[in-house]
Amino acid sequence: MSNELVLPGDVLGVIEEYFPGQGAYQDDDGNVRSQIIGIPAFDLKGHVATVRGITSPMAMPKKNDVVLARITDVKSNIASAKIFQVEGKHPRSPYLFSGFLHVSRISTSYVKSIYDAVRIGDVIRAQVLTSTPPYILSIRGKDYGVVLAYCSSCLGPLILRSISLYCPRCKKMEKRKVAFKYYIRLRV
Amino acid sequence: MLVRKEVKPLRLIDEDGLRTDGRRVDELRNIKIDVGVLKNADGSCYLEIGRNKVMAAVYGPREVHPRHLALPDRAILRCRYHMVPFSVLERKSPNPTRREIELSKVIREALEPALFLEYFPRTTIDVYIEILQADGGTRTAGISAAAVALADAGIPMRDLVTAIAVGKADGHIILDLNDLEDKYGEADMPVAMMPNLGSITLLQADGEFTPEEFKEALNLAMKGIREVYAKQREALRRRYLKVREEVEGSV
């Protein structure tokens, strides 16, 4: 039974045996049933029945997911972004989910202006803090922040030189909250 | 030019108890179901029942546009039932007709009880049902196809939803009406159910049934639903046993 494929509505057990875990639910008659297409798993110690889905994952980001998003607007203390990819998941559909980034979620230290951290068009790697859209994003920590920035004068991609971003065309430095994994680095 | 015209049959059931297409009164038409036929949809299903050909596609959960339609505590379900212009003998205008708008609503209400919409606040789940070829019973075919597409999209469901029509022709209670029986029969009753939970999510009726006939018809519908449900299961299993093999093979 444990390696058998189950479909939505299939009985996994009764509520006296198992609590419904991920992918399972309890119906009105006290049966524990599957919600999705998947392989059931029974935790005999904790008495939990779960179903591991085998359909492709939903494109929707979840809480604590790490996402890539493009900044669409920057206001005095908040920036809006469109999430286009969830790390570890291959989005099957081109849906964009909206997210917001508040100044307080940019760094653990004080940030005077959000313009010092992100600009329109930048791609950020962020953590999702809420479970429903519009999502609240955070780029606190060295792994999160801008992974690809564009020059505010010429829109060319900026290159990371040691710790600052540089536009080779305008010969200009720009400020961002850069992630550890910034895409374009100066090769020495 | 060949003109295909529909002729009203003298009778719907002959002296051997056989119907215009040679079926017995409690017999379904041939069913074929394919899962995951559309690459761009999150879940999809192609279903044939007799001469009906239906395509269902599911998108979501995704953000709602226009935004004001979104609900703060649950997802919304949007359905579009649509017949393509070449689905019937005479060209049907592609614009949504009064009938299609109403069927979209009843299909939405037939699918809604099966879904855990409260899991996905502020989002939408979109179901598109295209009737490619129509021969009576397209709403029920659409519901059965949409339920399979929803499961294929990985959306949590209480149960699949299965639908079939029953009716009355020449005084007999018949299962799975075709177009002629629908038009010239005495009654037509589409039924949708969640087969494992035993709850009915759609029940419409056109024509007259005595209370006894109604009971007989409902029992016949449940018998038909069990048969269609077995086909839905088989199609999903066929698809996902293959997926599982691929996944386990790659590890």
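Note that the coordinates shown come from a computational prediction; the quantities given were computed from them, not determined experimentally. (Residues numbered from 1 in each chain as written. Chains lettered and ligands numbered in written order. Predicted model: local features only at pLDDT ≥ 70, side-chain atom pairs only at ≥ 80, totals over all residues. Heavy atoms only, no water.)

(A) A look at the overall build of chain B. Helices and strands together make up the secondary structure of chain B, namely four helices and ten strands. Mapped in sequence order, the helices and strands of chain B form the string β-β-β-β-α-β-α-β-β-α-β-β-β-α. For 251 residues, the compact-globule formula gives about 18 Å, and the C-alpha radius of gyration of chain B, at 19 Å, lands near that figure. With the principal axes as the frame, chain B shows a C-alpha extent of 60 × 45 × 40 Å. Residues classed as buried in chain B amount to 50% of the 251 residues present. (Helix = DSSP H or I, 4+ residues; strand = E, 2+ residues; numbered from the N terminus. Rg over C-alpha atoms; globule rule 2.2 N^0.38 Å. Buried < 20%, exposed > 50% of the residue type's maximum accessible area, 1.4 Å probe, protein only.)

(B) Region of the structure containing the overall build of chain A. Within chain A, the secondary structure is distributed over zero helices and 15 strands. Against the 2.2 N^0.38 benchmark of 16 Å for 188 residues, chain A shows a C-alpha radius of gyration of 22 Å, more extended than a compact globule. Considered along the principal axes of its C-alpha atoms, chain A spans approximately 70 × 30 × 30 Å. Looking at chain A residue by residue over its 188 residues, the buried ones come to 48%. Long-range contacts, defined here as pairs at least 24 residues apart, represent 53% of the contacts in chain A between residues at least 6 apart. For chain A, the accessible area works out to roughly 9900 Å², and carbon and sulfur atoms hold 55% of it. (Contact = heavy atoms within 4.5 Å. Areas by Shrake-Rupley, 256 points an atom, 1.4 Å probe, with all protein chains shown as cover.)

(C) Region of interest: the interface of chain B and chain A. Listed by partner, the interface residues are 33 residues for chain B and 29 residues for chain A. Carbon and sulfur atoms make up 56% of the area that chain B and chain A hide from each other, which totals about 2700 Å². Summed over the three residues of chain B that lose the most area to chain A, namely B:Glu63, B:Tyr240 and B:Arg244, the buried surface amounts to 21% of that side. On the surface where chain B and chain A come into contact, there are two salt bridges. Between A:Asp10 and B:Arg233 there is a salt bridge, and its shortest N-O distance comes to 2.7 Å. Remark: the boundary between chain B and chain A carries 13 residue pairs in polar contact (both at pLDDT 80 or more). Examining the composition of the side of chain B that touches chain A, we find that eight residues originate from one element, helix α4 (residues 211–250) of chain B, more than from any other. Residues belonging to the side of chain B that touches chain A are distributed by class as follows: 18 nonpolar, four polar and eleven charged. (Buried area = accessible area lost by both parts, 1.4 Å probe. Salt bridge = Lys/Arg side-chain N within 4 Å of Asp/Glu carboxyl O. Polar contact = N/O pair within 3.5 Å; in protein donor to acceptor, adjacent residues only side chain to side chain. Nonpolar A, V, L, I, M, F, W, Y, C, P; charged D, E, K, R; others polar.)

(D) Highlighting the nonpolar core. In this structure, A:Ile124, A:Leu137 and B:Leu111 are the most contacted members of the largest nonpolar core, which totals 112 residues. If one sorts the elements of this core by residue count, α4(B) sits on top with eleven residues. Those residues within four positions of A:Ile124 in sequence are excluded, and the remaining contacts are A:Val67, A:Leu68, A:Ala69, A:Ile71, A:Leu101, A:Val118, A:Leu137, A:Ile139, A:Gly145, A:Val146 and A:Val147. If you look at the next biggest cluster of nonpolar residues, it comprises eight residues, including A:Val6, A:Val32, A:Ile36 and A:Ala49. (Core = buried A, V, L, I, M, F, W, Y, C linked by side-chain atoms within 4.5 Å.)

(E) Quick peek at the pattern of salt bridges. If you walk through the whole model with that rule in mind, you get 33 salt bridges over all chains. Its salt-bridge partner being A:Glu4, residue B:Arg237 comes within 3.0 Å of it at the nearest N-O pair. In this pair, B:Arg237 sits in helix α4 while A:Glu4 sits in the segment before β1 (11–14), so the two residues belong to two different chains. For B:Arg237, a relative accessible area of 23% translates into the label partly exposed. Look at A:Glu4 and you get partly exposed, because its relative accessible area is 40%. A:Asp122 serves as the salt-bridge partner of A:Arg176, at 2.5 Å between the closest nitrogen and oxygen.

(F) How the structure looks around the packing of helix α1 (residues 98–111) of chain B against helix α2 (residues 138–152) of chain B. Residue and element names in this part refer to chain B. Two elements in contact, α1 and α2, have axes separated by 10 Å at closest approach and are oriented at 45 degrees. One element, α1, and the other, α2, form an angle in the oblique class. Considering only the axes of α1 and α2, their crossing is right-handed. Between α1 and α2, the residues in contact are Arg99, Leu103, Ile107, Ala110 and Leu111 and Thr138, Arg139, Ile143, Ala146, Ala147 and Leu150, respectively. (Axes fitted to C-alpha atoms, helices over the stretch in contact; angles between N-to-C directions. Parallel < 35°, antiparallel > 145°, perpendicular 65-115°, else oblique. Left-handed = near helix turned anticlockwise from the far one by under 90°.)

(G) Representation of the pairing of strand β2 (residues 43–49) of chain B in the model. Residues and elements named next belong to chain B. With seven of seven residues buried, β2 lies mostly within the body of the structure. Alternating residues of β2 divide into Gly43, Cys45, Leu47 and Ile49 and Ser44, Tyr46 and Glu48, and every residue in both groups is buried. Across five bridges, the pairing between strand β1 (residues 31–35) and β2 is antiparallel. The residue bridging lysine 32 from the neighbouring strand is glutamate 48, located in β2. (Pairing = 2+ DSSP bridges.)

(H) Representation of the pairing of strand β5 (residues 38–43) of chain A within the structure. Residue and element names in this part refer to chain A. In this sheet, strand β6 (residues 48–53) lies alongside β5 in antiparallel orientation, the contact comprising six bridges. Pairing of alanine 41 across the sheet is with threonine 50, part of β6. Between β5 and β6, which follow one another and run antiparallel, lie four residues, and histidine 47 among them has a positive phi close to 55 degrees.

(I) A look at the domain arrangement of chain A. Per the domain assignment, the segments of chain A are domain 1 (11–53) and domain 2 (66–174). The centre of domain 1 of chain A, based on its C-alpha atoms, is set 40 Å off from the matching centre of domain 2 of chain A. (Domains from an automatic or database assignment.)

(J) The arrangement of the sheet that holds β1(B) in detail. Residues and elements named next belong to chain B. Strand order in the open sheet made by the five strands is β1-β2-β3-β5-β4, with mixed pairing throughout. Strand pairing shows two members of the sheet lacking a second neighbour, β1 and β4 (76–83), which therefore form its edges. The average angle at which neighbouring strand axes cross in this sheet is 15 degrees, direction not considered. Taken together, the seven bridges between β2 and strand β3 (residues 52–63) define a ladder with antiparallel strand orientation. Residue pairing in the sheet places isoleucine 49 in a bridge with asparagine 52 of β3. Along the sheet, α1 makes contact with β4 and β5 (123–133), crossing β4 at roughly 140 degrees. Relative to β2, α2 is tilted by about 150 degrees, and along the sheet it contacts β1, β2, β3, β4 and β5.

(K) Expanded view of the side chain of B:His82. Residues and elements named next belong to chain B. Along the polypeptide, histidine 82 turns up in strand β4. Separated by 2.9 Å, the side chains of histidine 82 and glutamate 130 make a polar contact. Beyond its immediate stretch of four places on either side in the chain, histidine 82 contacts Lys92, Pro94, Glu100, Ile129, Glu130 and Ile131.

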